[in-house]
Amino acid sequence: MTVLVVGVPEGEQLELLRSGIQRNPHFRVVSHADVPAVALAHARVLLPDITVLSLPAGVDSLDTVPGVLDVFHGVRALDPPSGVVLRTAAAGVPRAVSGLAVDGAVHIVREGDSEALMRALRTIGLRRASCDPDEMP
């Protein structure tokens, strides 16, 4: 499964996240972007299976941070839509963000919870792998 990482600047945090994702051989980070417009451009070209979207601390809703809602809707509008893992600050999951969770497609995990991140990636991956486009009407 290909993974696009969004909202994590270059540096140690990005490398930790990338290595954590890629410790499972079924997931490969193919690109990352810290700027929403760049993230959408990467998503349109690469069509990632999964997008890991990190939200800044203190976000109550996706529309409070310019461009984040555009990235979320943009990757979900791809054909096929990218699964999304929303990473929130470790303090807690804002109520407005928790309403976006869709079993098998959109998951919310706390920053630093690597086990929850891997569960979300596997759940999205299994759902995508079990989809048979030949069976669709």
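Conventions we followed
- Residues numbered from 1 in each chain as written.
- Predicted model: local features only at pLDDT ≥ 70, side-chain atom pairs only at ≥ 80, totals over all residues.
- Heavy atoms only, no water.
- Buried < 20%, exposed > 50% of the residue type's maximum accessible area, 1.4 Å probe, protein only.
- Helix = DSSP H or I, 4+ residues; strand = E, 2+ residues; numbered from the N terminus.
- Arc of directions from axis to C-beta.
- Contact = heavy atoms within 4.5 Å.
- Polar contact = N/O pair within 3.5 Å; in protein donor to acceptor, adjacent residues only side chain to side chain.
- 1 Å grid on protein atoms, 1.4 Å probe; cavity = no way out; pocket = protein on both sides within 12 Å on 5 of 7 lines; lining within 4 Å.
- Points joined across faces, edges and corners; volume = space filled by probe spheres on them.
- Nonpolar A, V, L, I, M, F, W, Y, C, P; charged D, E, K, R; others polar.

A.B. asks: Sorry if this is basic, but what is going on with helix α2 (residues 36-46) here?
C.D. replies: Along an α-helix, a turn takes 3.6 residues, which lines up residues three or four apart on a common side. Buried residues of α2: Ala39, Leu40 and Ala43, and no others. Mapping the buried residues of α2 onto a view down its axis gives an arc of 100 degrees, with all of them on the same face. Turned more than 90 degrees from where α2 packs its buried face, Ala37 and Val45 sit exposed. Structurally, α2 contributes buried residues whose contacts are with β1 (2-6), β2 (28-33) and α3 (68-76). Two residues or fewer past α2, Leu47 is found with a positive phi of approximately 45 degrees.

A.B. asks: It is not clear to me how the side chain of Ser82 should be interpreted in this structure. Could you clarify?
C.D. replies: Relative to the assigned elements, Ser82 resides in the loop between α3 and β4 (83-88). Only 2.9 Å separates the side chain of Ser82 from the side chain of Thr51, close enough to count as a polar contact.

A.B. asks: I tried to follow the layout of surface pockets on my own but got confused; where do I start?
C.D. replies: Take a probe with the size of a water molecule and roll it over the atoms, and the empty space left behind shows itself. Taken as a whole, the second largest pocket spans an internal volume of roughly 230 Å³. The wall of the second largest pocket is formed by 15 residues, among which Leu16, Leu17, Arg87, Gly112 and Ser114 lie closest to the centre. Broken down by element, the residue count for the lining of the second largest pocket peaks at 5 residues, all from helix α1 (residues 12-22). Looking at the lining of the second largest pocket, its residues break down into 6 nonpolar, 4 polar and 5 charged.

A.B. asks: Before we go on, may I ask you to explain unusual backbone geometry in this structure?
C.D. replies: Note on backbone geometry: most residues besides glycine have negative phi, and most peptide bonds are trans. The amide bond that connects Asp79 to the next residue, Pro80, takes the cis arrangement and shows omega of 5 degrees. Among the structural elements, Pro80 can be located in the loop between α3 and β4.

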